[in-house]
Amino acid sequence: MNAIEVTGVTQRFGDRIIFRDVSFSVTTGEVFVILGGSGCGKSTLLNQLIGLLSPSAGTISVLGHTITGPSATAEQHAMQREIGVMFQSGALFGSMTLLENVMLPLEMFTDLPRDGREAVARMKLGLVGLGHASALMPAEISGGMAKRAGIARAMAMDPPLLFLDEPSAGLDPVTSAEIDRLILSLRDDLGTTFVLVTHELASILAIADRCVMLDRNAFPDGGGVIAEGDPKQLRDESTHPMVRAFFRREIPQ
Amino acid sequence: MTPPSGKRPGATLKRESRDGRAVLVITGDLNAQAAGQIWRNAMREAAKPGDLTLDLSALTFCDMSGAALLLAIEAAHAQPVPIEGAEQKITALLDKARTSAKAPAGAASTRTSGKGGLAAWGDAIAYLGEVLIALLRLPMRRRMLRWQDLLSYADQAGVRAIPLVLLLGYLMGLILAFQSAVPMRRFGADLFVANLVAISLLRELGPLLSAIILAGRTGSAFAAEIGSMKVNQEVDALVTMSIDPVTMLVLPRLIAAMLVMPALALLLDIAGLAGMATVMTAFGYPLVTIAHQVQQAATPVDLFGGLFKGLCFGFAVAVIGCRSGLATGVGPRAVGQAATAAVVGGIVATIFLDGLFAILFYRVGL
């Protein structure tokens, strides 16, 4: 069963085509990575998948919710109730402690009493190694901690599908490896599907089951998909110059 | 255990008695929503004394929120709670949840809502001292004062405020004249409305209203600009480049505000007198008579005293606006709080200073 189906998706801003004819699928329970160079449309594609942006053309189906064209708002809202998203900076609410940030979705969407919400939120913070920091405000923590707290908040409702935007960027290697381990354990224990946007090659090779690579020059008039598959296989076998440049640091002539 | 896929049917909680011991049977899918529905009942059951066993043999799915409920049941029961029939994955999940729940002692937030009492006054006096020192050192630090910025602030605080000042001044004069003309007419003294409005505008309302406009428009803008710079570490960057933030950021704004305030007060006076003249003309008095009354009532001391007050109010509003900006904390709300503090502080300081001037002018016989 596929958690995500992307079929022939194009995104235009005015006359400018960001990418076109993007198609791929994400199987339930896999770790899927969207990668590519700067300006290739990774964040645009992520925004489409999480329902912040409607595609100019094509169809996106996330957990059975089909999003087609700009009038898909109701479907997008229904889909957003079932996913978790961690934004690049963590996007924590500055007026709340880390614990309150994680408790917020539980307060909105469950009947859990306060002690129950606290117990769940503390556990989620403990999972990302922030159990000791639950009383701190976002302004008092480092960028890496904010990122981990963002992951804890995204996991608050144990969604079956988690989107993580650059989860390891700016983290030290130990914390980055911990995040990778956390992703794998959630995938194995709960069957959670992960879609990651990341540049961290070590992380991609360590945890990704499959990936899709975008390039802004895939077509003469815009960007698109240049490779899809197992990242290790792409590293070893791909002949595409941009894929080789990314995985093997071979600068195209 | 099947992987989760969107909506799940939920869980049920049943208490049974087996061989004289209580057994809590949880069936179905235990996710965050389901845990919320049975949480209170589960805690009630767990709080009862006696042996208690958890039967999870019919639990088809359990996520971390469900694991939190199972751990809460264990914690709420005074004695150990054996678990029966749990799938291996659920047992592993519970072990992981136990580890996650054992967080070391939490660090308390060190953020406070601001200094109060003597410390705040001490900071304010220290800041005033810094501003004065920066003013005294300005001849040696001329490069740090960017004249282009100063002109831009003067444009922002003065030229762009002129339409608002003229409108408010005209309406103020109009209202003041009309409201006082009606009762004064009963005593045949409506001609003296010109005297009343002229003196109150030149001495009090002109500088006071201009200062309130300055606080609302410019004081808040100063605080927000400097506050954003503080949040983005631009102020720290200045310090590390050995550039004095007070000279670079505060002085141009301060000088600009002090330059434009007398001009704004004068414009407000003129607009107010025009508003008063409109009412008096409507009451049948010719303009020349009104002008004569104003000339007789108001002296240059009233006019220049008012303009001097405006200068001082400009100083107060700019100093407080910049101070609020420099004292901005961290986080997205801090800039908004700084802007609010600038407006409130600016208006309060203006009215306080106005009271001081009233006493001072009275004592020196002006």
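Residues numbered from 1 in each chain as written. Chains lettered and ligands numbered in written order. Predicted model: local features only at pLDDT ≥ 70, side-chain atom pairs only at ≥ 80, totals over all residues. Heavy atoms only, no water.

1. Structural notes on the overall build of chain B
Within chain B one finds 12 helices and 5 strands. Its C-alpha radius of gyration of 35 Å places chain B more than 25% over the 21 Å reference for a compact globule of 366 residues. Residues classed as buried in chain B amount to 44% of the 366 residues present. Accessible area for chain B stands at about 18400 Å²; split by element, carbon and sulfur atoms hold 65% of it. (Helix = DSSP H or I, 4+ residues; strand = E, 2+ residues; numbered from the N terminus. Rg over C-alpha atoms; globule rule 2.2 N^0.38 Å. Buried < 20%, exposed > 50% of the residue type's maximum accessible area, 1.4 Å probe, protein only. Areas by Shrake-Rupley, 256 points an atom, 1.4 Å probe, with all protein chains shown as cover.)

2. Comments concerning the overall build of chain A
Helix and strand counts for chain A come out as 9 helices and 10 strands. Expected size for 253 residues packed as a compact globule is a radius of gyration near 18 Å; at 18 Å, chain A falls within 12% of this value. In terms of overall dimensions, chain A has a C-alpha envelope of 55 × 40 × 35 Å along the principal axes. When each of the 253 residues of chain A is scored for burial, the buried share is 59%. Relative to all contacts within chain A whose residues are 6 or more apart in sequence, the contacts with residues 24 or more apart total 62%. (Contact = heavy atoms within 4.5 Å.)

3. Considering the packing of helix H3 (residues 98-109) of chain A against helix H5 (residues 143-154) of chain A
Residues and elements named next belong to chain A. H5 packs onto H3 with a crossing angle of 25 degrees between their chain directions and a minimal axis gap of 8 Å. Here H3 is positioned roughly parallel relative to H5, judged by the angle of their axes. At the point where H3 passes H5, the crossing takes the right-handed sense. Contacts between H3 and H5 involve Leu98, Asn101, Val102 and Pro105 from the former and Ala149, Ala152 and Arg153 from the latter. In terms of residue class, the contact of H3 with H5 is made up of 5 nonpolar, 1 polar and 1 charged. (Axes fitted to C-alpha atoms, helices over the stretch in contact; angles between N-to-C directions. Parallel < 35°, antiparallel > 145°, perpendicular 65-115°, else oblique. Left-handed = near helix turned anticlockwise from the far one by under 90°. Nonpolar A, V, L, I, M, F, W, Y, C, P; charged D, E, K, R; others polar.)

4. A short note on the domain arrangement of chain B
Split by domain assignment, chain B resolves into domain 1 (11-110) and domain 2 (120-364). Computed over C-alpha atoms, the centres of domain 1 of chain B and domain 2 of chain B are 65 Å apart. (Domains from an automatic or database assignment.)

5. Structural notes on the sheet that holds strand E2 (residues 16-27) of chain A
Residues and elements named next belong to chain A. The mixed open sheet is built from 10 strands, whose spatial order is E5-E4-E1-E2-E10-E9-E3-E8-E7-E6. Each edge of the sheet is formed by a strand with only one pairing partner; in this case those strands are strand E5 (65-68) and strand E6 (83-86). In this sheet, adjacent strand axes meet at a mean angle of 20 degrees when their direction is disregarded. Here 5 bridges tie strand E3 (residues 31-36) to strand E9 (residues 210-219), and the two strands are oriented parallel to one another. Along E9, the bridge assignment pairs Leu35 with Met213. Where helix H2 (residues 73-80) meets the sheet, it contacts strand E4 (57-62), E5 and E6, and its direction lies at approximately 140 degrees from that of E5. (Pairing = 2+ DSSP bridges.)

6. Some details on the packing of aromatic side chains
Across all of its chains, the model carries 7 aromatic pairs over all chains by this definition. Arranged with centres 5.2 Å apart and planes meeting at 10 degrees, the rings of Phe24 of chain A and Phe32 of chain A form a pair that is stacked. The burial state of Phe24 of chain A is the same as that of Phe32 of chain A; both residues are buried. A ring pair is formed by Phe246 of chain A and Phe247 of chain A, whose centres lie 5.4 Å apart and whose planes are at 75 degrees; its orientation type is edge-to-face. Among the aromatic residues, those joined into a cluster by ring pairs are Phe308, Phe313, Phe357 and Phe361 of chain B. Looking at Arg20 of chain A, its charged tip hangs above the ring of Phe219 of chain A, at a distance of 4.1 Å from the centre. Lying over the aromatic face of Phe93 of chain A, Arg153 of chain A brings its terminal NZ or CZ to 4.7 Å of the ring centre. (Phe/Tyr/Trp six-rings, centres within 6.5 Å; stacked < 30°, edge-to-face > 60°. Lys NZ or Arg CZ within 6 Å of the ring centre and 35° of its normal.)

7. Topic: the side chain of Lys42 of chain A
Residue and element names in this part refer to chain A. Topologically, Lys42 is positioned in helix H1 (residues 42-49). For the buried residue Lys42, which engages in no salt bridge, the nearest side chain bearing the opposite charge is Glu166, 5.5 Å off. One polar contact links the side chain of Lys42 to the main-chain carbonyl oxygen of Gly36, over a distance of 2.9 Å. Among the polar contacts made by the side chain of Lys42, one reaches the main-chain carbonyl oxygen of Gly37 at a distance of 3.2 Å. The contact partners of Lys42, leaving out residues within four places of it in the chain, are Ile34, Leu35, Gly36, Gly37, Val197, His199 and Leu214. (Lys, Arg positive; Asp, Glu negative; His and termini not counted. Salt bridge = Lys/Arg side-chain N within 4 Å of Asp/Glu carboxyl O. Polar contact = N/O pair within 3.5 Å; in protein donor to acceptor, adjacent residues only side chain to side chain.)

8. So, the packing of helix H4 (residues 114-127) of chain A against helix H3 (residues 88-101) of chain B
Their axes nearest at 7 Å, the elements H4 of chain A and H3 of chain B cross at an angle of 90 degrees. In terms of their interaxial angle, H4 of chain A and H3 of chain B are classed as roughly perpendicular. Side by side, H4 of chain A and H3 of chain B meet where Arg122, Met123, Gly126 and Leu127 of chain A of the first sit next to Lys96, Ala97 and Ser100 of chain B of the second. Among the residues making up the contact of H4 of chain A with H3 of chain B, the classes are represented as 3 nonpolar, 2 polar and 2 charged.

9. Notes on the pattern of salt bridges
Per the stated rule, a full pass over the model turns up 27 salt bridges over all chains. Among the salt bridges present, the one from Arg20 of chain A reaches Asp21 of chain A, with a minimum N-O distance of 3.1 Å. According to the relative accessible area criterion, Arg20 of chain A is partly exposed, its value standing at 22%. A salt bridge links Arg15 of chain B to Glu45 of chain B; the shortest N-O distance between them is 2.7 Å. Of this pair, Arg15 of chain B sits in strand E1 (residues 11-18) while Glu45 of chain B is found in helix H1 (residues 32-47), placing the two residues 30 residues apart along the sequence. A single salt-bridge network, built from bridges that share partners, covers Lys14, Glu16, Arg18, Arg21, Asp55 and Glu84 of chain B.

10. Thoughts on the confidence of the model for chain A
Here chain A shows a mean pLDDT of 88. Residues at 70 or above account for 98%. Mean pLDDT across the secondary structure elements of chain A bottoms out at H2 of chain A, with 81, and peaks at strand E8 (residues 193-197) of chain A, with 95. (pLDDT = per-residue confidence, 0-100.)

11. Thoughts on the pairing of E1 of chain B
Residue and element names in this part refer to chain B. As judged from the 8 bridges shared by E1 and strand E2 (residues 21-30), these two strands associate in the antiparallel manner. Among the inter-strand pairings, Ala11 is bridged to a residue of E2, identified as Gly28. Here E1 folds back onto E2 in antiparallel fashion, the turn holding 2 residues, of which Asp19 has a positive phi close to 50 degrees.

12. Here's the deal with a nonpolar patch on the surface
All names here are of chain B. A grouping of Leu167, Tyr170, Leu171 and Ile175 is seen on the molecular surface, where their side chains present a nonpolar patch of about 340 Å² in accessible area. With respect to the secondary-structure elements, Leu171 resides in helix H6 (residues 162-186). Looking at Leu171, the relative accessible area reads 35%, which means it is partly exposed. (Patch = residues over 30% accessible without salt bridge, like charges linked within 9 Å, V, L, I, M, F, W, Y side chains within 5 Å.)

13. A look at the nonpolar core
By size, the foremost hydrophobic cluster in this structure holds 84 residues, and its most contacted members are Ile26, Leu30, Leu69 and Ile73 of chain B. For Ile73 of chain B, the contacting residues outside a window of four places in its chain are Leu24, Ile26, Ala42, Met43, Ala46, Leu52, Leu54 and Val81 of chain B. (Core = buried A, V, L, I, M, F, W, Y, C linked by side-chain atoms within 4.5 Å.)

14. As for the pairing of E2 of chain A
Residues and elements named next belong to chain A. As defined by bridge partners, strand E1 (residues 2-13) adjoins E2 across 8 bridges and the pair is classed as antiparallel. Following the sheet pairing, Val9 is matched in E2 by Val22. Taking the residues that link successive antiparallel strands as the turn, the E1-E2 hairpin has 2 residues, and the phi of Gly14 there is positive, at about 65 degrees. Sheet topology note: the E2/strand E10 (residues 222-229) ladder contains 2 bridges and is parallel. Bridge assignment links Phe19 to a residue of E10, and that residue is Gly223.

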